[in-house]
Amino acid sequence: MKKLMITALMAVTTLTAGAQEKKTIELPAWLNNVKFSGYGMVQYQGHDKENAHENSFNLRLVRLALDGRIQQDWYWKMQLQLNGNTSSLNASPRIVDVFAEWQKYKYFMVKAGQFKRPFTFENPMHPITQGFMSYSQPVSKLAGFSDRTGEQSSNGRDIGVQIQGDFLKDKSGRNLLHYQVGVFNGEGINQKDKDNKKDIIGGVWVMPIKGLRIGAFGWTGTRYMTTTQTDPNMTSVQGNVTISKTESVRKNRYALSAEYALNDWTVRSEYIHSQGFAANKDKGDKADGWYALCIAPIIKNKMHAKARYDCYRDQKTWASSKTYYEVGADYLFNKNLQLNVEYARVNERATHQSYNLVDVELDFRF
């Protein structure tokens, strides 16, 4: 019995000592700066498009993120998108951001990894603070969300290296000029370069008064993809013959942007032009689109009314245009929880249809 008690006491002493040793283990100092965050966007959407009525609940986005600093001058971030399925890369849980940025000088910062393309004002915005049920059509089609080139859905991101900065301060210390330019694979997220040709994307904007910025962006590059095209000189019993070819397709794009955001008001408009064939070459080599929106406070920092005009022309013709006329409102229960309601009248000239669309979202952050 005595031997048993001594053995038990030694065991307890050993465990206690082990626990004390674990408490004295020092973790790397940079781990103290790591922040865990995330958000979810729960959506209900329905429309009455002729012969295609639809209404459904949906998880628009579910994301988890880690970010922090390694030493004072280095910022890093990793973000995962969790909603979707595992049937394909496009819709499965996946990495959307992994990058590190050297931020010692505000006029010259260097970012490397996978992150948002520096194209348009709207693309880099958080999907909740962007303000509407989705990013605008021209941004979605011409910045790498559901791109007209057929690129996998990449949420406006790519892999590369970018420099950016703010400088030229006024008397109050506010910067008047911003620039950003990067070199990217041109294939979207989680993809190596397939044709060894890089995309160059950049932008510059001026901020003459507080809250106002006016900018211009440019993008030149290629995408290695399989294109299809109807051959007018060949026919079969079923009709025209379609030719498929894998090639590097050129893309040149520019955007003109303006935004005023101050005192809980937001007014923003952008025009985007694209030259370069879509995956289906029969659609031609030009597309463009523009949007204009206003978000106005009903109760400051609590409730807003909003409206947006959103037009995209897939072949840069009015016959190929699709236009959303949107109105809505949001209510912020607190800074981490808000409810959004929108109505849109949609006009599709290509299908000669107009229909109604309703969107309701509950968005939360942590």
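Undergrad: Report on the pattern of salt bridges, specifying residues and quantitative values.
TA: What the rule picks out here adds up to 21 salt bridges. Arg 174 serves as the salt-bridge partner of Asp 170, at 3.3 Å between the closest nitrogen and oxygen. Exposure remark for Asp 170: the relative accessible area of 25% places this residue in the partly exposed category. Close ionic contact of Arg 268 with Glu 259 constitutes a salt bridge, the shortest N to O distance being 3.1 Å.

Undergrad: With reference to specific residues and values, describe the environment of Ala 258.
TA: Considering the arrangement of structural elements, one finds Ala 258 in strand E10 (residues 239–262). Given a relative accessible area of 32%, Ala 258 falls into the partly exposed group. Among all residues touching Ala 258, those that are not within four sequence positions of it are Phe 121, Arg 213, Ile 214, Val 267, Arg 268 and Ser 269.

Undergrad: Tell me about the pairing of strand E14 (residues 321–334), residues and numbers included.
TA: Summarising the sheet, strand E13 (residues 303–313) and E14 pair through 11 bridges and their orientation is antiparallel. Along E14, the bridge assignment pairs Asp 310 with Tyr 324. By the bridge criterion, 12 bridges tie E14 to strand E15 (residues 337–348) in an arrangement that is antiparallel. Bridge pairing in E15 places Val 327 opposite Tyr 343.

Undergrad: Account for the nonpolar core, naming residues and giving values.
TA: Judged by nonpolar contacts, the single largest core of 24 residues is most densely connected at Phe 119, Val 139, Phe 217 and Ile 272. Listing elements by their share of this core, those giving two or more residues are helix H2 (137–142), strand E8 (199–206), strand E9 (212–236) and strand E12 (286–299). Residue contributions to this core peak at four residues, all from E12. The residues contacting Val 139, other than those within four sequence positions of it, are Thr 120, Glu 122, Asn 123, Gly 144, Phe 145, Glu 270, Ile 272 and Tyr 291. Formed by six residues, the second largest nonpolar core is a distinct cluster that contains Met 133, Tyr 324, Val 346 and Tyr 355.

Undergrad: Mind laying out the packing of aromatic side chains, listing which residues take part and the relevant values?
TA: If you walk through the whole model with that rule in mind, you get 19 aromatic pairs. Both rings, one in Phe 36 and one in Phe 366, keep their centres 5.8 Å apart while their planes meet at 50°; by these two values the pair is tilted. Highlighted residues: Phe 36 in strand E1 (residues 35–47) and Phe 366 in the segment after strand E16 (353–365), separated in sequence by 330 residues. When its relative accessible area of 46% is taken as the criterion, Phe 366 is described as partly exposed. Relative to Phe 217, the ring of Phe 121 lies with its centre 5.7 Å away and its plane at 85°, an arrangement referred to as edge-to-face. Of this pair, Phe 121 sits in the loop between strand E5 (108–116) and H2 while Phe 217 sits in strand E9, and the two are 96 residues apart along the sequence. For Phe 121, a relative accessible area of 3% gives the class buried. You can call Phe 217 buried: its relative accessible area is 5%. Through a chain of ring-to-ring contacts, the aromatic side chains of Phe 119, Phe 121, Trp 205, Phe 217 and Trp 219 assemble into a single cluster.

Undergrad: Can you break down the environment of Phe 119 residue by residue, with the values?
TA: Assignment of secondary structure puts Phe 119 in the loop between E5 and H2. Along the chain, Phe 119 and Val 181 lie 62 residues apart, while their C-alpha atoms are 9.3 Å from each other. Apart from residues no more than four positions distant in its own chain, Phe 119 is found in contact with Pro 124, Leu 142, Ala 143, Gln 180, Ile 201, Phe 217, Gly 218, Trp 219, Arg 253, Tyr 254, Ala 255 and Ile 272.

Undergrad: A description of unusual backbone geometry should follow, citing residues and the corresponding values.
TA: We note that Thr 120 has phi near 75°; this positive angle belongs to a residue other than glycine. Structurally, the position occupied by Thr 120 is in the loop between E5 and H2. Phi at Asn 155 is positive, roughly 50°, even though this residue is not glycine. Relative to the assigned elements, Asn 155 resides in the loop between H2 and strand E6 (157–169).

Undergrad: Go over the side chain of Asn 83, please, and point to the residues and values.
TA: Mapped onto the secondary structure, Asn 83 falls in the loop between strand E3 (74–81) and strand E4 (94–105). Only 2.9 Å separates the side chain of Asn 83 from the backbone oxygen of Leu 59, close enough to count as a polar contact. Engagement of the side chain of Asn 83 in a polar contact is seen with the backbone nitrogen of Val 62, the distance being 3.2 Å.

Reading the values: rules and limits
- Residues numbered from 1 in each chain as written.
- Predicted model: local features only at pLDDT ≥ 70, side-chain atom pairs only at ≥ 80, totals over all residues.
- Heavy atoms only, no water.
- Salt bridge = Lys/Arg side-chain N within 4 Å of Asp/Glu carboxyl O.
- Buried < 20%, exposed > 50% of the residue type's maximum accessible area, 1.4 Å probe, protein only.
- Helix = DSSP H or I, 4+ residues; strand = E, 2+ residues; numbered from the N terminus.
- Contact = heavy atoms within 4.5 Å.
- Pairing = 2+ DSSP bridges.
- Core = buried A, V, L, I, M, F, W, Y, C linked by side-chain atoms within 4.5 Å.
- Phe/Tyr/Trp six-rings, centres within 6.5 Å; stacked < 30°, edge-to-face > 60°.
- Polar contact = N/O pair within 3.5 Å; in protein donor to acceptor, adjacent residues only side chain to side chain.

The values reported here are purely geometric and, on their own, carry no functional implication.
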